Amino acid sequence: MTAISLETPDARMEALQALARFTLDVPTRRLIPHLDTCGECLYRNGRAVTFPPTPCVKCKGTGTRGRGKCRECKGWAEPWRKAKRLPVGHVPDYGNPVDAGPCRACEGTSIVPATMYTRVPVAFMTELRPYLPVRVYRRGNLSIGESMLGMAPPSELWIGMGMGSVVDYGRTAKKFAENPEAATAEIADAIFADTHQGVSIADKDTNLLADHIGILLAPDGYTKVAMRGPVPVPSTAPQAN
Ligand SMILES: [Zn+2]
Ligand SMILES: [Zn+2]
C-alpha cells in the first residue's frame, strides 16, 4: 500500500494561496469572484480523512460510568454511531487520521469557485483602495439617521454585511478630536491591511462595489460599513485617501 501524504506540500500551498479570488471590472465597478481554496482539504493535500475509533479513556471503552452513560463519550452517539463509524464507548482518534480518498467538495483539487462570501486577500484589498475612499460620519449623541439628515435614509446607503464595530470607550473619539486626518488614516490603513468577505464591500446580489466606506464615529467607538451613493462633501472630518 502506497502511503499518501495528508499534508499539502509548500509549493502546492503557495500556488493555492496565490489563486485570484476576485477581480474588479473597473468600468462597471463589479467585483467578480473567481477561485478559492477548498475549506475542507486545503491543509490535507486534497484528501478527505477519517478518524478510526479509539476506546474512551474515561470509561475504558465500556460507555458507562457509575450508574449512567459516560459523559465523556456519549456525545458521539449521533451521527457517527448511526453511520456505524463509532462503536459505543469509543471516540474518534484525532491523532491518527486515515486517508479516505479525494476530497468530495473539490474532487481533490483543493480549488472551488469563489463566491461573494470568499475573503478578499489583503493584496487585492490594496488594489481596491483607490476605488474605496473612506469617509467619516460623526454620530455624537445623535442616531445615525439624525446625523444623516438631508441624505438618503441610512437603509439606502448601507450595503453588504458591515465590516465590524469597535468599542473603545472613547479612545478613537479622542484621537479624532486631536487630529482627525491622522485618526481617519489610521482606521483606513487598518481596513485595507485586513481581509474582508466580498459581501462586506460589495452588494451580494449585484456584486457592485461600494462607493465608499463609512466610519460611523460614536462617542464610545465606531462602526465600519460599506456604503453606496456618491461620497458626500466632507463637512465634519476630512476624508482619507
Ligand atoms: Zn467514555
Ligand atoms: Zn477539497
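Scope of this entry: the structure provided in the associated data block. (Residues numbered from 1 in each chain as written. Chains lettered and ligands numbered in written order. Predicted model: local features only at pLDDT ≥ 70, side-chain atom pairs only at ≥ 80, totals over all residues.)

1. Some details on the overall build of the protein
So, point 1. Across its full length, the protein carries 7 helices and 16 strands.
So, point 2. Counting only residues that meet the buried cut, the protein has 27% of its 241 residues in that class.
So, point 3. Across the protein, the fraction of contacts at a sequence separation of at least 24, relative to all contacts at a separation of at least 6, is 74%. (Helix = DSSP H or I, 4+ residues; strand = E, 2+ residues; numbered from the N terminus. Buried ≥ 20, exposed ≤ 12 C-beta atoms within 10 Å, placed from the backbone. Contact = placed C-beta atoms within 7 Å.)

2. Looking at the pairing of strand β15 (residues 212–218)
So, point 1. In terms of burial, β15 is largely enclosed, as 7 of its 7 residues are buried.
So, point 2. As paired strands, strand β12 (residues 134–138) and β15 are joined by 5 bridges and run parallel to one another. Residue pairing across strands places V134 opposite I213, the latter belonging to β15.
So, point 3. Connecting β15 to the next strand, strand β16 (residues 221–227), in antiparallel fashion are 2 residues. (Pairing = 2+ DSSP bridges.)

3. Points about the nonpolar core
So, point 1. Formed by 30 residues in total, the largest nonpolar core has its most connected members in A210, I215 and L217.
So, point 2. Mapped onto this core, the elements with two or more residues apiece are β12, α5 (171–178), α6 (180–192), α7 (198–201), β15 and β16.
So, point 3. By residue number, the principal contributor to this core is β15, which donates 5 residues.
So, point 4. Core analysis: the next-biggest nonpolar cluster, separate from the first, contains 7 residues, C59, W76, L86 and V91 among them. (Core = buried A, V, L, I, M, F, W, Y, C linked by C-beta atoms within 7 Å.)

4. Thoughts on the environment of V225
So, point 1. By secondary structure assignment, the location of V225 is in strand β16.
So, point 2. Spatially, the C-alpha atom of V225 lies 7.5 Å from that of I159, the residues being 66 residues apart in sequence.
So, point 3. Beyond its immediate stretch of four places on either side in the chain, V225 contacts W158, G162, M163, G214 and L216.

5. With respect to the environment of G39
So, point 1. Tracing the chain through its elements places G39 in the loop between β3 (35–37) and β4 (47–50).
So, point 2. The sequence separation of G39 and S110 amounts to 71 residues, and the corresponding C-alpha distance is 8.0 Å.

6. Topic: α6
Note: α-helices contain 3.6 residues per turn, so residues at a spacing of three or four share the same orientation.
So, point 1. Across its 13 residues, α6 extends 18 Å between first and last C-alpha, which sits within 8% of the 18 Å expected from 1.5 Å per residue.
So, point 2. For α6, the complete set of buried residues consists of A183, T184, I187, A188 and I191. The buried side chains of α6 occupy one side of the element, clustering within an arc of 130° when seen end-on. Summarising the geometry of α6, the exposed residues directed more than 90 degrees from the buried face are E181, A182 and A190.
So, point 3. Looking at the packing, one finds that the buried side of α6 touches β12, α5, β15 and β16. (Expected span 1.5 Å × (residues − 1). Arc of directions from axis to C-beta.)

7. Points about the sheet that holds β12
So, point 1. Strand order across the open sheet formed by 4 strands is β12-β15-β16-β13, with mixed pairing between neighbours. In this open sheet, the two edge strands, each paired with only one partner strand, are β12 and β13 (165–167). The sheet shows a mean angle of 20° between the axes of neighbouring strands, direction not considered.
So, point 2. In the packing of α6 onto the sheet, contacts are made with β12, β15 and β16, and the angle to β12 comes to roughly 125°. (Axes fitted to C-alpha atoms, helices over the stretch in contact; angles between N-to-C directions.)

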